[in-house]
Amino acid sequence: MKRPLFLFAILALSLAAASAASAQTQMYCVKPDGAAVAAIVLPYGTQHDPSVICNAVVPQCYLTCGAVLQLQDGRAVTAGVPTVQVTPQMLQRIGNPAPETPAMCAKQYQDCVAKCRGDRACVAYCQSVRSGCGTGNRGQ
């Protein structure tokens, strides 16, 4: 009788761990030229701007990266791109952000595009940053 209960408990814990792992989001930290320098794995419910996280936890970014859910324009992630597992402790060092609303994301995008003055690479960068904006609001 104890053995089936033990096996059931192990199975339940395995399923719980698998569902927790699948609740994470992987995003890419990209330079303005579109080159991916790293991937970050965000915990579920993260309310920080993923671009801010990229710039805070990936030294190669040095305040120049934007976060995107997936790479566009046929760019592929190479095997050499490191993956950073973002922990709650890392997020605490960044501070408590305001939640990213759709209106805030749209304004951020419009402000970015206004600075581009028609430069296509710059506009593509703005689109990349926008693709990561608001992704932390799933828990709300």
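Details of the overall build of the chain
Consideration 1: Of the regular secondary structure elements, the chain holds 5 helices and 4 strands.
Consideration 2: Counting from the amino terminus, helix and strand elements in the chain follow one another as α-β-β-α-β-β-α-α-α.
Consideration 3: Burial status across the chain gives 33% buried among its 140 residues.
Consideration 4: Sequence separation of at least 24 residues holds for 65% of the intrachain contacts in the chain that already meet a minimum separation of 6.
Consideration 5: When the accessible area of the chain is evaluated, it comes to approximately 8800 Å², of which 61% is carbon and sulfur surface.

Quick look at helix α5 (residues 120–132)
Consideration 1: The end-to-end C-alpha distance of α5, which contains 13 residues, comes to 19 Å, matching closely the 18 Å that a straight helix rising 1.5 Å per residue would cover.
Consideration 2: Burial in α5 covers these residues: Cys126, Ser128, Val129 and Gly132. Taken down its axis, α5 places every buried residue within 160° of arc, on the same side.
Consideration 3: Contact partners of the buried residues in α5: β1 (25–30), α2 (50–57), β3 (66–68) and α4 (102–116).
Consideration 4: Of the residues that open α5, the one with a side-chain oxygen 3.3 Å from the backbone nitrogen of Ala121 is Asp119.

Observations regarding the pattern of salt bridges
Consideration 1: Considering all chains together, one arrives at 1 salt bridge under this definition.
Consideration 2: Its salt-bridge partner being Lys107, residue Asp111 comes within 2.9 Å of it at the nearest N-O pair. Residue Asp111 and its partner Lys107 are both found in helix α4; the two are separated by 4 residues, about one turn of the helix.
Consideration 3: Assessed through its relative accessible area of 35%, Asp111 is described here as partly exposed.

Some thoughts on the environment of His48
Consideration 1: If you trace the backbone, His48 turns up in the loop between β2 (36–42) and α2.
Consideration 2: On the accessibility criterion, His48 (9% relative accessible area) is buried.
Consideration 3: Residues His48 and Gly134 lie 86 residues apart in sequence; the distance between their C-alpha atoms is 8.7 Å.
Consideration 4: Within the structure, His48 has its side chain in polar contact with the backbone oxygen of Leu91 (distance 3.4 Å).

Notes on the nonpolar core
Consideration 1: Counting 17 residues, the largest nonpolar core has Cys29, Ile40 and Val58 as the members making the most contacts within it.
Consideration 2: Top element by residues in this core is β2. It accounts for 4 residues.
Consideration 3: Once residues within four sequence positions are removed from consideration, Val58 is found in contact with Cys29, Val37, Ala38, Ile40, Ile53 and Val84.

A word on α2
Consideration 1: By the criterion of burial, α2 is predominantly enclosed, with 6 of the 8 residues buried.
Consideration 2: Turning to α2, its buried residues number three or more, namely Pro50, Ser51, Ile53, Cys54, Asn55 and Val57.
Consideration 3: Buried positions along α2 lie against β1, β2, β3, β4 (83–85), α3 (88–94) and α5.
Consideration 4: Residue Asp49 occupies the N-cap position of α2, its side-chain oxygen lying 2.8 Å from the main-chain nitrogen of Ser51.

A look at the state of the cysteines
Consideration 1: Enumeration according to the criterion identifies 4 disulfides in this entry.
Consideration 2: The partner cysteine of Cys29 in its disulfide is Cys54, sulfur to sulfur 1.9 Å. Every disulfide takes its handedness from the sign of the S-S torsion; for Cys29 and Cys54 that torsion is -80°, giving left-handed. Taken together, the residues Cys29 in strand β1 and Cys54 in helix α2 connect sequence positions 25 residues apart.
Consideration 3: Take Cys54: its relative accessible area is 0%, and that puts it in the buried class.
Consideration 4: The disulfide bridge from Cys116 ends at Cys122, spanning 2.0 Å between sulfur atoms. The sign of the S-S torsion, about -70°, decides the handedness of the disulfide formed by Cys116 and Cys122: left-handed.
Consideration 5: Cys116 gets classed as buried once you look at its relative accessible area, which sits at 6%.

Criteria and thresholds
- Residues numbered from 1 in each chain as written.
- Predicted model: local features only at pLDDT ≥ 70, side-chain atom pairs only at ≥ 80, totals over all residues.
- Heavy atoms only, no water.
- Helix = DSSP H or I, 4+ residues; strand = E, 2+ residues; numbered from the N terminus.
- Buried < 20%, exposed > 50% of the residue type's maximum accessible area, 1.4 Å probe, protein only.
- Contact = heavy atoms within 4.5 Å.
- Areas by Shrake-Rupley, 256 points an atom, 1.4 Å probe, with all protein chains shown as cover.
- Expected span 1.5 Å × (residues − 1).
- Arc of directions from axis to C-beta.
- Polar contact = N/O pair within 3.5 Å; in protein donor to acceptor, adjacent residues only side chain to side chain.
- Salt bridge = Lys/Arg side-chain N within 4 Å of Asp/Glu carboxyl O.
- Core = buried A, V, L, I, M, F, W, Y, C linked by side-chain atoms within 4.5 Å.
- Disulfide = S-S within 2.5 Å.

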